[in-house]
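An overview of the molecular structure
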Amino acid sequence: MIEIKNKQIIIDGKPRIIISGEIHYFRLKREDWEDRIAKLKDAGCNAVASYVPWICHEPDEGKIDLEGKTKPELDLGGFIDLCKDNGLYFILRPGPFIMAEMKNEGIPYWVYKKHPEIVPKTWDNKTTHKKTVDYLAPSFLYEVKKWYKEVMSVIVPRLYNNGGNIIGIQLDNEIGMLQWVSNTPDLSDSVLSDFALWLKRKYSEEELIKRYPFSLDNEDIRNSKIRSPEEEYSLQLLHDLGYFMRKRFADYVSTLRSFAEELGAKDIPFIVNIHGTGGGRGFTFSIGISQLYESYTQDKGYISGSDIYLGDLKLNNFQDLYLINNFMDAVHNEDQPLTSMEFECGDGNYGDNFSTRYDPSAVDFKMRMCIAQGNRLINNYLFAGGYNYRLNEKINDGNDRIAFTGERHGFAAPISPEGKLNYTYPRMSRVIKTLLAVEEKIATMQEESDNIYFAFIPDYYMTEYFYPSSNKMKEFKASIEINRGYNAWETLGKGLLLSNFRFKSIDIQNRKINLNQNDVLIIPTSRYLSGEIQTNLLEFVENGGNALIYGELPQFDMEGNECSILKDALKVEHINYYNSSEDFFLSIYPEDYLNFLPEIRTDFAEAIKVEKGKPILKIYGTDETCGVELTYGKGKVVLITAHYNCNLNFIRTILKRLGKTPKLTHNFEDHGIFMTSTINNQGERFIHILNLDGFEKNIKVFEDDIALFDGLEINLQPQDALMLPLNVTFEDLTILYSTAEIMNISKDKLQFRLTQNKDIIALETQRQILPSNDYIIKKENNKTLIISQKNSKIDSLLTVYIK
């Protein structure tokens, strides 16, 4: 039995951590399957995932091969069974869209030829150049259902609840991504007819006349006016189109699920994966959340999975992953856990030209952070490379293969197409084994925090489409983009973490701000913010909450209408916007309790006038205010309307004014460390530490100013990571603390990965610790110290024998 409950994946009553690897069976010779599966097991994984490519299994209409009759590597059931024989779970990804560099994103050519009407029209009545379709076109869904019928006949007997090993089914892949990245919303005739009906259900006739100065019943006029909108109603269209597409994507997901369930795939998690990272950064990831959160929160039985492509996790981007996980969790229901369905692994050499090369720490760091933040399933993608065979029928596109990457595929994977392990495999294997060694503990743990909440506003990421000729849409989009991410992530997100603050996120658009009086809410704002959110924010502060508002002073709602609820209540007035240029070096200087900080050059400042309050930032040359602390009701607000740099003293001072200091700290002054802690209901904990830099660091760790680990100094190796236990119990033995990582716990021995010149493991047990030349045993009252005699740089494995 598989349950999704309390943000856990529970299989047969036991909370699990699933760490899988993506192996494309169809890209490997059948005789190579066993080798790749063995290498996946050797890495420590407990599951396999794979796409099921429609284009391969049904290249010609009606000629379906899921048994390997035409090509041995197409035996889907055989591959799943082999994984089961090896004790591995399986996660199925049957599309219909799969991407994976496949031609047509995995859709057979005959589908497009047979049903040309499914190819969308978009802005200015142009035909989209991407291989998108109208997801809800009846003819497309008719073909998809036939495809699902064939696939489900193979997988239903192999579902976990039917005695098989399949524990999850992903529905489609990266829904809405192609439309977003190409700015080509589906504006086909049938879609716009549905849009008109949706508008009529949402608005009264009077409201519609005000919003759209044309007839929705005249199809030709309506379609022309929507495909080539005028400025008069451009922002209304941007808003309505985004909401309509969210609903449409959710209906598509629900339809696919209904197909699967009707065909026997029941009582199994259905997964919706979220796209959005790019260029090694996560600024746009939440566009995917915005597009799809209604799809995976519409009913029970869904989980969402991230696509994480961030490359090396370093000082410039580590906050992105932390924010991504928090924003995903912000829209989840109380049961949905975090998962990652495309968790980038390998060396980053995607072009097979050595243009990129990741450090071995990349997958280690990202996996540790994800697990610490509550990810329960991580699918390493792509785990093993393979080959793209030629299609039976030539299509004369330059290679006639199933994919556009050439003959070899997945050359960046930890296992090459030829089966060779690359340099990233050992470190990846180490972290997987480290995490699964304590699976029973971390599978229920939650990250601890400092009761600080980073606001998530889904509509701030509803910017996937804009009419290229609309200046109003462009201005709106630019204001939203610069303030929702970029400076807020770079200054606030990074600054909070480097200052040792752990924070969560909450959706302040769809849920009431239900925080305690001593909690702090951080809200990156644009000049556009809905009246409802402005009102809820004021209510939170009035009742005793504290808030840091950072970005621009909200003056309009999300359709550009004047909306001054927040600024009127706070008695703040907008004066002017200033931008830096190559000839104008816009600068701001601190005042009052921030006056110990330097004047800095900035790219943006908004001058404001306040009736009451304490100015803390001003604009050089005009002395106008761009930062103020003020009170409202029982609460306090710090309002910053300029871009300050990531100065940790700036962050710490403001948070202290709002009543917050970090609980878990270290004493390394030059920062470059990510640190957090996790805890379960029994009070067992792990301290998670990442050294983001390429040099050694020596630190002491404190909690509420009290030294942990008996005050021991901990050495952090360059770009290394630690997960250190505190009061973790295994039957009749408790590890009070350890500077070494747990690697294995059995009845008669404990195994650790040493991390120091002389590691110390503190135990509490009535059992006898057997002597060894590898360690010294020292008794201190009820505590037994195991002092390693090995130097971790020479031999990092320590086995402690117990009787």
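The structure contained in this document is the topic of the report that follows.

Analysis parameters
- Residues numbered from 1 in each chain as written.
- Predicted model: local features only at pLDDT ≥ 70, side-chain atom pairs only at ≥ 80, totals over all residues.
- Heavy atoms only, no water.
- Buried < 20%, exposed > 50% of the residue type's maximum accessible area, 1.4 Å probe, protein only.
- Helix = DSSP H or I, 4+ residues; strand = E, 2+ residues; numbered from the N terminus.
- Pairing = 2+ DSSP bridges.
- Right-handed = clockwise from strand over helix to strand, strands pointing away.
- Polar contact = N/O pair within 3.5 Å; in protein donor to acceptor, adjacent residues only side chain to side chain.
- Contact = heavy atoms within 4.5 Å.
- Core = buried A, V, L, I, M, F, W, Y, C linked by side-chain atoms within 4.5 Å.
- Axes fitted to C-alpha atoms, helices over the stretch in contact; angles between N-to-C directions.
- Parallel < 35°, antiparallel > 145°, perpendicular 65-115°, else oblique.
- Left-handed = near helix turned anticlockwise from the far one by under 90°.
- Nonpolar A, V, L, I, M, F, W, Y, C, P; charged D, E, K, R; others polar.
- Salt bridge = Lys/Arg side-chain N within 4 Å of Asp/Glu carboxyl O.
- Phe/Tyr/Trp six-rings, centres within 6.5 Å; stacked < 30°, edge-to-face > 60°.
- Lys NZ or Arg CZ within 6 Å of the ring centre and 35° of its normal.
- Expected span 1.5 Å × (residues − 1).

1. Observations concerning the pairing of strand 8 (residues 270-274)
Within strand 8, five of the five residues are buried, which leaves the element mostly enclosed by the surrounding structure. Covered by surrounding structure in strand 8 are F270, V272 and I274 together with I271 and N273, the residues of both alternating faces. Pairing of strand 7 (residues 166-170) with strand 8, which is carried by two bridges, proceeds in the parallel orientation. Note that in strand 8 the partner of I169 across the bridge is F270. Relative to strand 9 (residues 302-308), strand 8 is paired through five bridges, and the arrangement is parallel. Bridge assignment links V272 to a residue of strand 9, and that residue is S304. Following the chain from strand 8 across helix 11 (residues 285-296) to the adjacent parallel strand 9, one finds a crossover that is right-handed.

2. Here we look at the side chain of N546
Mapped onto the fold, N546 is located in strand 18 (residues 546-551). Among the polar contacts listed, one links the side chain of N546 to the backbone oxygen of L658, at a separation of 3.1 Å. Those residues in contact with N546, other than ones at most four positions away along the chain, are Q517, D519, V520, L521, F540, G635, K636 and L658.

3. Some thoughts on the nonpolar core
In terms of nonpolar packing, the biggest core is built from 237 residues, with F140, I155, I289 and L521 touching the most fellow members. No other element matches helix 10 (residues 234-262), which puts 12 residues into this core. In this structure, L521 is in contact with Y453, A455, I506, I508, I513, L515, L537, F540, N546, A547 and L548, ignoring residues within four places of it in sequence. Among the nonpolar cores identified, the runner-up in size contains 21 residues, and I689, L722, L724 and L785 belong to it.

4. A short note on the sheet that holds strand 11 (residues 375-384)
In spatial order, the strands read 4-5-6-7-8-9-10-11; together these eight strands close into a barrel with parallel pairing. Sheet twist, expressed as the mean angle between neighbouring strand axes with direction ignored, is 30°. Sheet topology places strand 9 next to strand 10 (residues 338-344); three bridges connect them, and they run parallel. Bridging from a neighbouring strand, I308 pairs with F343 of strand 10. Sheet strands touched by helix 10: strand 8 and strand 9. Its angle to strand 8, the strand with the most contacts, is close to 150°. Across the sheet, helix 11 is in contact with strand 8 and strand 9; its angle to strand 8 comes to roughly 155°.

5. Here's the deal with the packing of helix 11 against helix 12 (residues 318-331)
Interaxial distance between helix 11 and helix 12 falls to 10 Å at its minimum, and their mutual angle equals 25°. In terms of orientation, helix 11 lies roughly parallel with respect to helix 12. Crossing geometry of helix 11 relative to helix 12 is assigned as right-handed. Contact with helix 11, carried on its side by F285, S286, I289, Y293 and Y296, involves I324, F327, M328 and V331 of helix 12 and no other residues of that element. A breakdown of the residues in the contact of helix 11 with helix 12 according to their chemical character gives eight nonpolar, one polar and no charged.

6. Structural notes on the packing of helix 7 (residues 189-202) against helix 10
For the pair helix 7 and helix 10, the least separation of the axes is 11 Å and the interaxial angle reads 105°. By the angle between their directions, the pair helix 7 and helix 10 is classed as roughly perpendicular. Residue-level inspection shows V191, D194, F195, W198, L199 and K202 of helix 7 in contact with helix 10, the latter providing L237, D240, L241, Y243, F244, M245 and R248. Here the contact of helix 7 with helix 10 is composed, by residue class, of nine nonpolar, no polar and four charged.

7. Notes on the pattern of salt bridges
Going through the model one piece at a time under the given rule, you end up with 57 salt bridges. The partner of D81 in a salt bridge is R158, and the shortest N-O contact between them spans 2.7 Å. Taken together, the residues span a long stretch of sequence, with D81 in helix 3 (residues 76-85) and R158 in the loop between helix 5 (138-155) and strand 7 at a distance of 77 residues. With its nearest N and O atoms 2.8 Å apart, the salt bridge here joins R248 to D134. With R248 in helix 10 and D134 in the loop between helix 4 (109-114) and helix 5, this residue pair connects regions lying 114 residues apart in the sequence. With respect to burial, R248 and D134 carry one shared label: buried. Overlapping salt bridges, with partners in common, bring together D364, R368, R427, R430, D720, E741 and R753 in one network.

8. Observations concerning the packing of aromatic side chains
This model, assessed by the stated rule, comprises 36 aromatic pairs. Consider the rings of Y25 and W33, whose centres lie 6.5 Å apart with planes at 80°: the pair is edge-to-face. Grouping residues by exposure puts Y25 and W33 together as buried. Measuring from ring centre to ring centre gives 4.9 Å for Y322 and F503, while their planes differ by 75°; the resulting arrangement is edge-to-face. Separated by 181 residues along the polypeptide, Y322 in helix 12 and F503 in the loop between helix 17 (487-498) and strand 16 (504-507) bring together distant segments of the chain. The two residues Y322 and F503 agree in class, both being buried. One aromatic cluster is present, formed by F283, F318, Y322, F327, F454, F456, Y461, Y486, W489, F503 and F674 through successive ring pairs. We note K366 situated over the ring of Y358; from NZ or CZ to the ring centre the distance is 5.8 Å.

9. Points about the side chain of N422
Tracing the chain through its elements places N422 in the loop between strand 13 (408-409) and helix 14 (425-437). A polar atom in the side chain of N422 sits 2.6 Å from the side chain of T424. In this structure, N422 is in contact with D347, A412, A413 and P414, ignoring residues within four places of it in sequence.

10. Quick notes on helix 7
An ideal rise of 1.5 Å per residue puts 20 Å on 14 residues; helix 7 measures up with 20 Å between its terminal C-alpha atoms. Next to the buried residues of helix 7 lie helix 8 (205-211), helix 9 (219-227) and helix 10.

11. Some thoughts on the pairing of strand 24 (residues 625-632)
Most of strand 24 sits inside the fold, with seven of its eight residues counted as buried. In this sheet, strand 24 lies alongside strand 23 (residues 614-619) in antiparallel orientation, the contact comprising four bridges. Note on strand 24: the bridge partner recorded for L617 is G627. Judged from the six bridges that link them, strand 24 and strand 25 (residues 635-640) form a sheet pairing that is antiparallel. Following the sheet pairing, L630 is matched in strand 25 by V637. Counting the residues between successive antiparallel strands, the hairpin from strand 24 to strand 25 contains two residues, one of them, G633, with a positive phi of roughly 60°.

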